[in-house]
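# Summary of structural features
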Amino acid sequence: MTPFSARSVNYDWGLVWDNRDMFWWGLVTALQVSAVALVLSMVFGMLLALGRMGRRPGSILAAAYINIFRGIPALVSVIWVYFGWSLLVGYNFSTFQAGVIALTLLYSAFFAEIFRSALTALSLGQNEAGLALGMSSGRVFFSVKLPQATKIAIPNIGNMFIGMVKDTSVFTVIGLVEIVRVTQNLNATYFQPFVLFTTAAIIYVVLAFVLDFMFRTLEKTLSTPTNGFFATLLTSRRSTRINKLIEVHGDS
Amino acid sequence: MVCALCKISAPTEQIGVSVATNAVTDSTLGEVKVELRDVRKTFGTNEVLHGINLTVSKGEHVVLFGPSGSGKSTILRSINLLEVPTSGSVKFNGVEYGPGDPTEESVIRGRPLELRRSIGMVFQQFNLFPHLTAIHNIALPLRSVKKMSRRDAEEKAAQSLRDVGLLQWSGSFPAQMSGGQQQRVAIARALSLDPEVMLFDEPTSALDPELVGEVLSVMRRLATMGMTMVVVTHELGFAREVGDHNVFMEEGRIVETGGRGFFESCSHPRTQAFMGSVL
Ligand SMILES: Nc1ncnc2c1ncn2[C@@H]1O[C@H](COP(=O)(O)OP(=O)(O)OP(=O)(O)O)[C@@H](O)[C@H]1O
Ligand SMILES: [Mg+2]
């Protein structure tokens, strides 16, 4: 292999390492937008789920929202928010804000369906047991139903989050400097599309693996009976307290 | 005596004290706790209770029995308003919680939440909270309803578990316990809130036969201590033993009632037919 032919093929992988900071910040931006949107979508999604399961007209409005917004692609959503909303409300959203809003609008609809099915999976008896004990329905929701429903929903939440991170890639159109925008910028300078976009693809794939692993660990940690390293760690103080109570009361 | 249940009856024990306040004493005998008057319940267009009258006095043990679908659970659930009657009066300690008696002009009205805080209920399917340990199944309502601190709630929960012989299981989750143990936790959970009346809806029907005994013995102990109880059960042996007031119902109506010895003396042909089929 002569240096000549190597130059003509010209795969400059060193380029990636040299620009690792830019890729890193693109990744961080994508994760930040997704994470903020995840929290907001979960809150709105839960409210939509409750609305949908409740009385009319709330249930009809919630159903309408869900059916409309889960059909809109992220690309349309973000252009609509960044350019359209800005005109409408007379405020220029930053690319970060527009990305968060665009994802939240769409994913609230998905989370609503996820939470609704998780809440319906709980037996009616859970609610009744709480009420029969004299707990308020709000307290029953937060201490009895929400923890159980969240646990059921975690695998789906993980999948949604991976989807959200991938969807940030289209936010390059509004100029959000996420992974794709970073790649495009570098490509404009170096014209190394194969190297640069392979790198981008690898970043997304590795990220999906890591996130999947994290959500699996979370699922395991929250499962009952207590299971796994983190769960044991997190519940060790509780176990100590219980064992002490058993000891104290066992003697009498 | 190593039997933890025996401790309940000892007046020096904490739970003994709390329950003893509900015990039958001469001065309180006959005081009306729960009163249902002409209670009707309709699901859709289907009326399943056709005007039920039932009085439960302090310390009394009422046993409801009858064929499946006759409305036993619906009556029980009307008492703590898990089911709101379509019409009729549901009174607890003289306070009206139901739709009310149209002939009665002015009554004190109460909120369902307050009613439920004085009435405990045990379900056929236990309904423990699966994400919480046994001790926290009991501590959660203590914190939420009695506004106890975590420490006090866990302390009291441990005592309640000890009283049903399950202290060692404090840190276990419902899925790790047998049905009989779960039901005993459920009973301990209801009792820890110091209810004035306990409702039992077929508490042993979901249990394997060999586990029925341990739950019945907790209930028997409770009855001996003078707890006011309304029990739906197919365990006629138990009913015969504790039932002060036996109510046989069919198709949403009370067919026949009687006191002790009811199972020998019942005269209505429907009651006798049912007895024959169960015994
Ligand atoms: N939520 C409900 N919606 C519609 N119908 C109901 C509902 N709950 C009970 N019913 C009906 O009311 C009637 C009485 O039911 P209930 O559960 O009180 O009977 P039960 O005597 O407790 O029977 P079982 O021994 O099977 O528990 C039944 O015909 C039942 O189908
Ligand atoms: Mg029933």
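Preceding this section is the structure that the text describes.
As a starting point, this report considers the structure included with it. Note that the coordinates shown come from a computational prediction; the quantities given were computed from them, not determined experimentally.

## Looking at a positive patch on the surface
- A contiguous patch of positive charge, built from Arg139(A), Arg237(A), Arg143(B), Lys147(B) and Arg150(B), is present on the exposed surface.
- Looking at the element boundaries, Lys147(B) is found in the loop between α5 (134–145) and α6 (150–163).

## Structural notes on the sheet that holds strand β1 (residues 32–43) of chain B
All names here are of chain B.
- Ordered by their spatial adjacency, 4 strands build an open sheet running β2-β1-β4-β5, and the pairing between neighbours is antiparallel. Both edges of this open sheet fall to β2 (46–57) and β5 (95–96), since each of them pairs with a single strand only.
- Looking at chain direction, β1 and β2 are connected through 9 bridges and run antiparallel. Its bridge partner lying in β2, Leu36 is registered against Leu54.

## Some words on the pairing of β1(B)
Residues and elements named next belong to chain B.
- Here β1 folds back onto β2, and the loop between the two strands holds 2 residues, one of which, Gly44, carries a positive phi near 65°.
- Both β1 and strand β4 (residues 87–92) contribute to a ladder of 5 bridges, which runs antiparallel. Bridging across to β4, Glu35 finds its partner in Lys91.

## Description of the interface of chain B and chain A
- Facing 37 residues of chain B, the contacting portion of chain A comprises 29 residues.
- Summing the contributions of chain B and of chain A, the shared interface buries around 2,900 Å²; its carbon and sulfur component is 63%.
- Considering only the side of chain B, the residues that lose the most area to chain A are Phe129(B), His131(B) and Phe173(B), jointly responsible for 19% of the buried surface there.
- As a salt-bridge pair, Arg77(B) and Glu128(A) come within 2.7 Å of each other at their nearest N and O atoms.
- Those elements that place two or more of their residues in the side of chain B that touches chain A are α4 (112–118), β6 (119–122), α5, α6 and α7 (179–191) of chain B.

Analysis parameters
- Residues numbered from 1 in each chain as written.
- Chains lettered and ligands numbered in written order.
- Predicted model: local features only at pLDDT ≥ 70, side-chain atom pairs only at ≥ 80, totals over all residues.
- Heavy atoms only, no water.
- Patch = residues over 30% accessible without salt bridge, like charges linked within 9 Å, V, L, I, M, F, W, Y side chains within 5 Å.
- Areas by Shrake-Rupley, 256 points an atom, 1.4 Å probe, with all protein chains shown as cover.
- Salt bridge = Lys/Arg side-chain N within 4 Å of Asp/Glu carboxyl O.
- Lys, Arg positive; Asp, Glu negative; His and termini not counted.
- Charge placed at Lys NZ, Arg CZ, Asp CG, Glu CD.
- Helix = DSSP H or I, 4+ residues; strand = E, 2+ residues; numbered from the N terminus.
- Pairing = 2+ DSSP bridges.
- Contact = heavy atoms within 4.5 Å.
- Buried area = accessible area lost by both parts, 1.4 Å probe.

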